[in-house]
Structure formats: C-alpha cells, structure tokens
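# Examination of the molecular architecture
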Amino acid sequence: DECCCSCDNTTISIAIFEIYGGRIQDLLNKRNRLKVLEDGRGEVVISGLEEFEASTPEDFLALIEAGQNNRTTHATEANDESSRSHSICQVLFRDSTSRRLKAKL
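A few points on the structure. Since the model is a prediction, treat every value here as computed from it, not as a measurement.

## Notes on the pattern of salt bridges
Side-chain pairs of opposite charge can arise whenever the charged atoms involved come near each other. Evaluation of the coordinates by the stated rule reveals four salt bridges. With its nearest N and O atoms 3.5 Å apart, the salt bridge here joins Asp 39 to Arg 41. Among the ionic pairs, Glu 43 bridges to Arg 41, the shortest N-O distance being 3.7 Å. The partly exposed category is assigned to Glu 43, whose relative accessible area is 42%. One continuous salt-bridge network, built from bridges that share partners, spans Asp 39, Arg 41 and Glu 43.

## Things to note about unusual backbone geometry
Although it is not a glycine, Arg 31 adopts a positive phi angle of roughly 55 degrees. Counting through the fold element by element, Arg 31 comes out in the loop between strand S2 (23-26) and strand S3 (35-38). Not every positive phi belongs to a glycine, and Arg 99 is a case in point at roughly 65 degrees. Structurally, Arg 99 can be placed in the loop between strand S8 (86-95) and strand S9 (101-104). Since its relative accessible area comes to 38%, Arg 99 is described here as partly exposed.

Definitions and cut-offs
Residues numbered from 1 in each chain as written. Predicted model: local features only at pLDDT ≥ 70, side-chain atom pairs only at ≥ 80, totals over all residues. Heavy atoms only, no water. Salt bridge = Lys/Arg side-chain N within 4 Å of Asp/Glu carboxyl O. Buried < 20%, exposed > 50% of the residue type's maximum accessible area, 1.4 Å probe, protein only. Helix = DSSP H or I, 4+ residues; strand = E, 2+ residues; numbered from the N terminus.

Structure follows, in structure tokens:
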C-alpha cells in the first residue's frame, strides 16, 4: 500500500505557550509576553511566538520537556506543585524549501 502523505522535504517545529492570569507567555523563548490577534481571515494568531525545529525524536521530546519545565506552578492545598496555567503545544509541518505551512497540530 502506498501512503498518500510524505514527510519528505518537511521540517517539524514546535512552539509552546501558556495562558496564565490573563497573560500569554512563550515557554520556549524566555517566557516572552505574546499577543493574541485576529488576522484578516478571522483566524487567531499568537504574535511573537517562536518556533523551534525538532530534527530528531529526541529534539522533539526535549523541547516539550523544556516547555513543561517553564510552566507557572504554585503550591495548593492538594499539591505541592500545581500548574496554574493552560499550556498549548503547537506542532508545525513546513516545506523545507519554501517554509510554507503544510499542517499544524
């Protein structure tokens, strides 16, 4: 059986941000503040969010772990270290030559 989808000529990148207390922060780029905007097509865009390329499965997992480690946490009655934010991880598939977005999860 032939697959109709190929990852040839494709780069995979990751971007991770958190929403906490009304703020949006880039968890892979020094917790830089981000802005949520709407583009001309009515789609939500996270302005300033940096993507990091994951060339290997190990790179992919290391980036996810780094983002997780940068999340905002505080002690609660139930847990010593409870996440107090919502974290979003974007996985982006781009054409290696044109950098055109093929897919985003």
